Amino acid sequence: MTTATVNLASTPVVANTFKPIPQGTYELELGDVSVKSPKDDFKDAAQKELKVPYIEVGFKAFGRTLPENGRKITGRLFIGAAPGKDGVLNFAREGGLVALFAGLGATPPEISVVSMEKANKDGELITAEHLNPMEIVSALQALRGERTKAYIKVKAETYAGKTEDKNEIARFLARETA
C-alpha cells in the first residue's frame, strides 16, 4: 500500500454555484416527506397571526436536459386552514396538497384539523388551525415512488442582500384518465 499526503492548506475552497432546473414541465417522483416548523412563531410584528407547520416534499425531477437519473427538487405544501387574502386555501391551490394527490392519481384522504395556541408578547393567546401534518406525511409516504407531472418555474429570491434564482413547483398537473 502506498501512502501519500495532501497539503490541504494550499487547496482553495471552491464555492458551489446553484444552477436551477430550466422552467418547464417535468415528471416528478415522490421521495422523502417531512414536517417542518417555521422559524418564527408569528407572521407579523403585531403578533396577531401564527405561522403553522408545513410539509416539505422531496422529488426527483426527470426530463428535458436533466441527467438520466434525475435531479432533486424540494417542494413545500402549506397546510393552514385559514384562506389567503384571495379566499383560497393554500392546500387547495394548483401547487398544493390536493393537486399533488390528483397528480399522483390518488384520492386525497380525510385529514383532521388541529389547533395550536401561542401567547404573544402582550400575553394574548393566538390560535391557528391547520391540517394534521402527521396524517399528511403518512398518506404521502404510502405513495413514495409514485410519479406526477408538474410545472417548475424559476424565481429570483433576495436573501441577505444577495439575489439568487431558485426553483419552485408552480403547479401539479392532474393525471390524465383514459
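The text that follows walks through the structure, step by step, so that each part is easy to find. (Residues numbered from 1 in each chain as written. Predicted model: local features only at pLDDT ≥ 70, side-chain atom pairs only at ≥ 80, totals over all residues. Heavy atoms only, no water.)

## What about the pairing of strand S7 (residues 162–173)?
Cut-off, in case you're wondering: For two strands to be treated as a pair, DSSP must find no fewer than two bridges joining them. Secondary structure elements are defined from DSSP: runs of H or I of at least 4 residues count as helices, runs of E of at least 2 residues count as strands, and each element is numbered from the N terminus.
Bridge count between strand S6 (residues 147–159) and S7: 11 bridges; the pairing is antiparallel. When the bridges of S7 are listed, Glu-157 appears paired with Glu-164. Following S6, the chain reverses through 2 residues before pairing antiparallel with S7; Ala-160 in that reversal takes a positive phi of roughly 55 degrees.

## Thoughts on the nonpolar core
Across soluble globular proteins, you tend to see nonpolar side chains buried next to one another. The line we're drawing: Side-chain atoms within 4.5 Å are what join buried Ala, Val, Leu, Ile, Met, Phe, Trp, Tyr and Cys residues into a set we call a nonpolar core. Type-normalised accessible area, obtained with a 1.4 Å probe on protein chains alone, sets the label of each residue: buried when under 20%, exposed when over 50%, and partly exposed for intermediate values.
Among the nonpolar cores identified, the biggest contains 30 residues, and Leu-28, Phe-59, Leu-140 and Phe-172 are the most heavily contacted of them. Tallying contributions element by element places helix H1 (residues 97–104) first for this core, with 5 residues. One finds Leu-50, Val-52, Ile-126 and Ala-128 within the second-largest nonpolar core, a separate group that totals 5 residues.

## Focus: the environment of Gly-31
Applicable threshold: Here a residue-residue contact requires only that any non-hydrogen atoms of the pair lie within 4.5 Å.
By the element assignment, Gly-31 lies in strand S1 (residues 24–36). The class for Gly-31 is buried, based on a relative accessible area of 15%. Distance in space between the C-alpha atoms of Gly-31 and Glu-164 is 25 Å, their sequence separation being 133 residues. For Gly-31, the contacting residues outside a window of four places in its chain are Gly-58, Phe-59 and Arg-144.

In short, shape yes, function no, at least from these values alone.
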